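Letter by letter, the chains look like this.
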Amino acid sequence: MLKQVSSIDYIFNLVPSSRNVVFLMNISIGEPPVPQLAVMDTGSSLTCLEYVGSGSSEGIYAREQLTLETTDDGIVGVPSLIFGCGRKFSVSSNGYPYQGINGVFGPGSGSFSLLPSFTNMQGDTTTLNVINGLYYVNLEAISIGEKKLDIDPNVFERSITNNNSGVIIDSGADHTWLTKYGFEVLSFEVENLLEGVLAQDKHNPYTLCYIGVVSRDLRGFLVVTFHFAEGAVLCLARPQNEFCMAVLPGSYFGDDYQSFSSIGMLAQQYYKVGYDLNGMRLYFQRIDCQLLDG
């Protein structure tokens, strides 16, 4: 039986992409429903958009019913959903859109967003700001182990004269991007910790990669932690396969993005991330994925 979306909270299934870097949703559009596979992207408000790095989608607006399956095998419908129907695409410098998907499921904060404000959220909480449909957070510091890095927190602030500044949280990107200065300090500290222990892999000029086996050679490596306003923290998980730091400089997209920072999906692993759009709060709750699998 098809239920219409209401104020009740629903939980929907997500599946990792083939490279385990973003989450995908199975959705259906139209009557009868046509299945689609879309990236769940909190950096987008319109379901189909220009992206950082020059990726874009051009097309028309359409209105149809959206159908989603819940985790309890129920079916929920969103009538008369306005969505983008892309007809012309360009791929950004970082390879977005991803191959093999039909589009983007956009729970950003814009007027076409599908993200409601949920109740009963738990965990560490920090301030959330919405600007131009993007979710901005106040990143105050980065630490490795017990050592806070010598980074002026002002480099993470958003400037009213520079739209490509500040820190957003984004589920549609795999890596985390930091301001040029923040990235240089973090990468310099990691290099110092691993100097003489492991040899660098110089094939990727944009990030730190090392030669070795993660499960064997990275044991005991100190945890990298992002510290947000009001005490909320996000502890980055150790890499499972690639022996690379999943952080890149925002300037990778060009000189205009030297002040740009974005918290990507690899940094959000093992966390429930809740968006309270009424109270303008962001919640981080650490979870044990193995217990969920059981």
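Rules of the game
- Residues numbered from 1 in each chain as written.
- Predicted model: local features only at pLDDT ≥ 70, side-chain atom pairs only at ≥ 80, totals over all residues.
- Heavy atoms only, no water.
- Phe/Tyr/Trp six-rings, centres within 6.5 Å; stacked < 30°, edge-to-face > 60°.
- Buried < 20%, exposed > 50% of the residue type's maximum accessible area, 1.4 Å probe, protein only.
- Lys NZ or Arg CZ within 6 Å of the ring centre and 35° of its normal.
- pLDDT = per-residue confidence, 0-100.
- Helix = DSSP H or I, 4+ residues; strand = E, 2+ residues; numbered from the N terminus.
- Core = buried A, V, L, I, M, F, W, Y, C linked by side-chain atoms within 4.5 Å.
- Contact = heavy atoms within 4.5 Å.

Draft legend 1. A look at the packing of aromatic side chains. Taken as a whole, this structure holds nine aromatic pairs when the rule is applied. Consider the rings of Phe253 and Phe260, whose centres lie 6.3 Å apart with planes at 75°: the pair is edge-to-face. The exposure class of Phe260 is buried, given its relative accessible area of 9%. Counting every residue linked through ring pairs, the aromatic cluster contains Trp177, Tyr252, Phe253, Tyr257 and Phe260. The ring centre of Tyr136 lies 5.4 Å from the NZ or CZ of Arg158, which sits over that ring.

Draft legend 2. Representation of the confidence of the model for the protein chain within the structure. Counting all residues, the mean pLDDT for the protein chain is 78, and 73% of those residues have values of 70 or more. When the elements of the protein chain are averaged for pLDDT, strand S1 (residues 2-4) gives the smallest value, 47, and strand S10 (residues 139-144) the largest, 96.

Draft legend 3. Examining the nonpolar core more closely. With 36 residues, the main nonpolar core has Ile142, Leu186, Phe226 and Phe228 as its most contacted residues. Elements represented by at least two residues in this core include exactly strand S9 (134-137), S10, strand S12 (166-169), helix H1 (180-194), strand S14 (224-228), strand S18 (271-276) and strand S19 (281-286). Sort the elements by how many residues they give to this core and H1 lands first, with five residues. With residues near it in sequence (within four places) discarded, Ile142 still touches Lys147, Lys148, Leu149, Ile151, Phe156, Leu178, Leu186, Val224, Thr225, Phe226 and His227. Counting residues in hydrophobic clusters, the runner-up holds 11 residues, among them Met25, Ala38, Phe83 and Phe105.

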